Amino acid sequence: MQGQQLSPVSRDRLICQMPKCYTAESCLQYKTHFDAQVKSACQQRHAGNFGLKMSKVVMVGDLYVGKTSLINRFCKNAFDRDYKATIGVDFEIERFEILGIPYNLQIWDTAGQEKFKCIASAYYRGAQVIITAFDLSDIQTLEHTKHWLQDALKENEPDTCSVFLVGTKKDTLSEAECERTERDALKFAVEMKAEYWSVSAKTGSVAWQSTILGYSSSDVEVAAQ
Ligand SMILES: Nc1nc2c(ncn2[C@@H]2O[C@H](COP(=O)(O)OP(=O)(O)OP(=O)(O)O)[C@@H](O)[C@H]2O)c(=O)[nH]1
């Protein structure tokens, strides 16, 4: 709307460092700092082609694995115990600043139910990021992630998408069970050329801290980009 002022971007959406990975075994990038040339261009507000303006993220995976819940935790810091199936697609836009340059993340939530697949797949095109989600407590949903990824990649140009494999509902497993499933998931991630994460939308930021690596919740949130 003309003349409408946007509220400032919230503090946890100001990105000044490269996000850390969940585990080095399956990581898409190992840099810890932005390129000096990019940093200086952004600081001087002469970002030109350097600055990212917008990215489209598409979240895919079986029904009930927790795609909507993950997006709600990330965008609204909320969790709903009740299941409401996504009909077709839904989307959220999150505003960020990367090195002071405004950046929008467009997150598309797609339905996992077979009957909505043809509606949802119409929105796969133009994705920069594909998140394939599975339920850590249901190994079959991990096995299906390769098909979901194939379908999403078919609609996009080769090598244009960053892929994430995300295990959900971490709170429902013991640490030992989680580690066992993670070992399997890491093999999938390597084959899918995906970065791996385990998360819980229920427990949110505190329980998302990786005890092994000591990463903070904000790292998890940034990496969900
Ligand atoms: N315990 C626990 N339950 C979760 C978690 N994430 C999601 N759930 C529950 O799992 C159910 C399904 O979650 P949704 O987010 O609706 O699943 P979805 O993948 O979006 O499902 P579709 O829209 O049908 O594709 C809901 O009852 C959620 O409350 C989690 O981290 N922990």
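In this text the structure is predicted, and so the values were computed from the model without any measurement.

Tell me about the overall build of the protein chain, and name the residues and values.
Check the secondary structure of the protein chain and you find 8 helices and 7 strands. Across the 225 residues that make up the protein chain, the buried fraction comes to 33%. Within the protein chain, contacts between residues separated by at least 24 positions form 71% of all contacts whose residues are at least 6 apart in sequence.

If you had to explain the pairing of strand β3 (residues 89-98) to someone new, which residues and values would you point to?
Inspection of the sheet shows strand β1 (residues 14-15) paired to β3 by 2 bridges, in the parallel sense. What sits directly across from I15, in β3, is I98. Pairing of β3 with strand β4 (residues 101-110), which is carried by 10 bridges, proceeds in the antiparallel orientation. If you follow I93 over to β4, its bridge partner there is Q106. Hairpin remark: β3 followed by β4, antiparallel, with 2 residues in the connecting loop; positive phi at L99, about 50°.

For the site of the ligand, give the residues involved together with the corresponding values.
Near the ligand, the surroundings consist of 23 residues, among which G66, S69, T86, G112 and K202 are the closest. Tallied by class, the residues present in the shell around the ligand amount to 7 nonpolar, 9 polar and 7 charged.

Quick one: what's the story with the confidence of the model for the protein chain, residue by residue and with numbers?
Here the protein chain averages 86 in pLDDT, and 86% of its residues register 70 or above. Contacts for the low-pLDDT stretch residues 205-225, under 50 throughout, to residues beyond four places or in other chains number 31 contacts. With pTM at 0.88, the complex prediction returns an ipTM value of 0.99.

Talk me through helix α5 (residues 145-154); I want residue IDs and the actual numbers.
Within an α-helix, residues lying three or four positions from one another point in the same direction, as the helix has 3.6 residues per turn. Among the residues making up α5, those that are buried are T145, W148, L149 and A152. With its buried residues spanning 95° around the axis, α5 presents them on a single face. Across α5 from its buried face, at more than 90 degrees, point the exposed residues H147, Q150 and K154. Next to the buried residues of α5 lie β2 (54-60), β5 (129-135), α4 (139-143), β6 (162-168) and α6 (175-192).

Account for the nonpolar core, with residues named and values stated.
In this structure, V57, V58, M59, I130 and L165 are the most contacted members of the largest nonpolar core, which totals 37 residues. Of all the elements in the fold, those that place two or more residues in this core are β2, α2 (67-76), β4, β5, α5, β6, α6 and β7 (194-198). Of the residues forming this core, the biggest block, 5 residues, is contributed by β5. If sequence neighbours within four positions are ignored, V58 has contacts with W108, T110, Y123, Y124, A127, I130 and A152.

Describe the sheet that holds β2, and please don't skip the residues or the numbers.
Strand order in the open sheet formed by 7 strands is β1-β3-β4-β2-β5-β6-β7, with mixed pairing between adjacent strands. Whereas interior strands pair on both sides, the edge strands pair on one side only; in this sheet they are β1 and β7. Of the strand pairs in this sheet, β2 and β4 are connected by 6 bridges, and their pairing is parallel. Counterpart to V58 in the pairing with β4 is W108.

Requested: an account of the pairing of β6, with residues and values cited.
With 5 of 7 residues buried, β6 is to be regarded as a mostly interior element. Inspection of the sheet shows β5 paired to β6 by 7 bridges, in the parallel sense. Paired with V129 across the two strands is S162, which belongs to β6. The pairing of β6 with β7 spans 5 bridges and is parallel. Pairing of V163 across the sheet is with A194, part of β7. Taken together, β6, α6 and β7 form a β-α-β motif whose crossover is right-handed.

Account for the environment of V129, with residues named and values stated.
In this structure, V129 sits in strand β5. On the neighbour-count criterion, V129 (20 C-beta atoms within 10 Å) is buried. Spatially, the C-alpha atom of V129 lies 6.3 Å from that of V58, the residues being 71 residues apart in sequence.

Cut-off values and rules
Residues numbered from 1 in each chain as written. Predicted model: local features only at pLDDT ≥ 70, side-chain atom pairs only at ≥ 80, totals over all residues. Helix = DSSP H or I, 4+ residues; strand = E, 2+ residues; numbered from the N terminus. Buried ≥ 20, exposed ≤ 12 C-beta atoms within 10 Å, placed from the backbone. Contact = placed C-beta atoms within 7 Å. Pairing = 2+ DSSP bridges. Near = placed C-beta within 6 Å. Nonpolar A, V, L, I, M, F, W, Y, C, P; charged D, E, K, R; others polar. pLDDT = per-residue confidence, 0-100. Arc of directions from axis to C-beta. Core = buried A, V, L, I, M, F, W, Y, C linked by C-beta atoms within 7 Å. Right-handed = clockwise from strand over helix to strand, strands pointing away.

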